[in-house]
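Each chain, letter by letter, is given below.
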Amino acid sequence: SNASYIKEEKCFFELWTELKEWQNKNLDNIKNLEQERKTLSIVFESIDIFIGLLENDGRFKIKNGDLDDIVDFRLDRYMEARKHIEIINIVKKGMSEKIQINEEVYMQSIKRYFLVTMKPIEFRNEFLITMKDITSRRQASEVQKTFISNVSHELKTPLTNIKGYLIALDDAPESMREKFL
């Protein structure tokens, strides 16, 4: 009887030791997860694009603070928070068709271009939406196109004259060739 009591006590002690180890591992994991969450939160808030996670009913689960002039962050639902119909249309389409969308949008009222991406996260029944202001990139592209067009035009005029003289050289009498050259 005494031997069985000691055996039970030993088993209980071993179980208690295992439980304590398991609890310590869990506490370590919780601490590590909290540090990861804080790091992700810092990254999430410091990137220069809007990121939002929408639930299936159109409510923001999480969102960062970028582009607050485009999105009213005090409101939870995207239909209320989005001030521009162009964005609402993309979000509605992405949510109803559950498809990935990448679209450049020009917002006439504020004269800015945005790259809007909407991606369904099927296993969670949620949607990731990002918006990046690409106005400066679009403007730089327009400046580059205008420059190339101007250079091309400026080069065509003298080249046309040179080409005309070369054609005339072929048919010109000997006395005129020196003048054309």
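Undergrad: Explanation requested: the environment of N102 in the structure shown.
TA: Mapped onto the secondary structure, N102 falls in strand β3 (residues 101–107). It is 5.8 Å that separates the C-alpha atoms of N102 and V116, two residues lying 14 residues apart in sequence. Among the polar contacts made by the side chain of N102, one reaches the side chain of T117 at a distance of 3.1 Å.

Undergrad: I keep staring at helix α3 (residues 85–97) and nothing clicks. Help me out?
TA: Over its 13 residues, α3 extends 18 Å from the first C-alpha to the last, a length consistent with the 18 Å expected when each residue adds 1.5 Å. When we look at burial in α3, the residues that qualify are I87, I88, I90, V91, G94 and M95. Around the axis of α3, the buried residues are gathered within 165 degrees of arc, so they sit on the same side. Within α3, the exposed residues directed more than 90 degrees away from the buried face are I85 and S96. The first or second residue beyond α3 is K98, which carries a positive phi of 50 degrees.

Undergrad: Whenever I open this one, the pairing of strand β4 (residues 112–121) confuses me. Can you help?
TA: Along any regular strand the residues' side chains alternate between the sheet's two faces. As paired elements, β3 and β4 share seven bridges and run antiparallel to each other. Following the sheet pairing, M107 is matched in β4 by R112. As consecutive antiparallel partners, β3 and β4 are separated by four residues, and within that stretch K111 has a phi angle of approximately 55 degrees, a positive value. Relative to strand β5 (residues 126–133), β4 runs antiparallel, the two sharing eight bridges. Looking across to β5, one finds that T117 is bridged to T130. In this antiparallel pair of consecutive strands, β4 and β5, the connection spans four residues, and N125 shows a positive phi of 60 degrees.

Undergrad: Could you clarify how one ought to interpret the sheet that holds β4 in this entry?
TA: As a general point, the strands of a sheet are linked pairwise by backbone hydrogen bonds and lie either parallel or antiparallel. The strand order across the open sheet built from five strands is β2-β1-β5-β4-β3, with neighbouring strands paired in antiparallel fashion. With one partner strand each, in any of the chains shown, β2 (60–63) and β3 form the two edges of the open sheet. With direction set aside, neighbouring strand axes in the sheet form an average angle of 20 degrees. Here three bridges tie strand β1 (residues 50–55) to β2, and the two strands are oriented antiparallel to one another. Looking at β2, one finds that L53 is bridged to I62.

Undergrad: Help me understand the pattern of salt bridges, please; the structure alone is not making it clear to me.
TA: Pairing of side chains with opposite charge becomes possible as their charged atoms draw close. In the structure shown here, the tally under the stated rule is six salt bridges. Put simply, R138 and E104 hold a salt bridge, and the shortest N to O gap is 2.4 Å. On the criterion of sequence distance, the pair formed by R138 in helix α4 (residues 135–171) and E104 in strand β3 is long-range, its members being 34 residues apart. Taking relative accessible area as the criterion, R138 reaches 25% and is therefore assigned partly exposed. With a shortest N-O distance of 2.9 Å, E126 and R124 are connected by a salt bridge. According to the relative accessible area criterion, E126 is buried, its value standing at 6%.

Undergrad: Whenever I open this one, the packing of aromatic side chains confuses me. Can you help?
TA: For any pair of aromatic rings, geometry is given as the distance between the ring centres together with the angle between the planes. For the structure shown, the criterion picks out one aromatic pair. Between Y106 and Y113, the ring centres sit 4.6 Å apart and the planes meet at 45 degrees, which makes this aromatic pair tilted. Across the ring face of Y113, the terminal group of R138 is positioned such that the distance to the ring centre comes to 4.1 Å.

Undergrad: Honestly, unusual backbone geometry in this entry has me stumped. Any pointers?
TA: Leave glycine aside and you will find that most residues have negative phi; peptide bonds, for their part, are mostly trans. Look at K98: it is not a glycine, yet its phi comes out positive at around 50 degrees. By the secondary structure assignment, K98 is in the loop between α3 and β3. Positive phi values are uncommon outside glycine, yet N125 reaches one of about 60 degrees. Along the polypeptide, N125 turns up in the loop between β4 and β5.

Cut-offs applied
- Residues numbered from 1 in each chain as written.
- Predicted model: local features only at pLDDT ≥ 70, side-chain atom pairs only at ≥ 80, totals over all residues.
- Heavy atoms only, no water.
- Helix = DSSP H or I, 4+ residues; strand = E, 2+ residues; numbered from the N terminus.
- Polar contact = N/O pair within 3.5 Å; in protein donor to acceptor, adjacent residues only side chain to side chain.
- Expected span 1.5 Å × (residues − 1).
- Buried < 20%, exposed > 50% of the residue type's maximum accessible area, 1.4 Å probe, protein only.
- Arc of directions from axis to C-beta.
- Pairing = 2+ DSSP bridges.
- Axes fitted to C-alpha atoms, helices over the stretch in contact; angles between N-to-C directions.
- Salt bridge = Lys/Arg side-chain N within 4 Å of Asp/Glu carboxyl O.
- Phe/Tyr/Trp six-rings, centres within 6.5 Å; stacked < 30°, edge-to-face > 60°.
- Lys NZ or Arg CZ within 6 Å of the ring centre and 35° of its normal.

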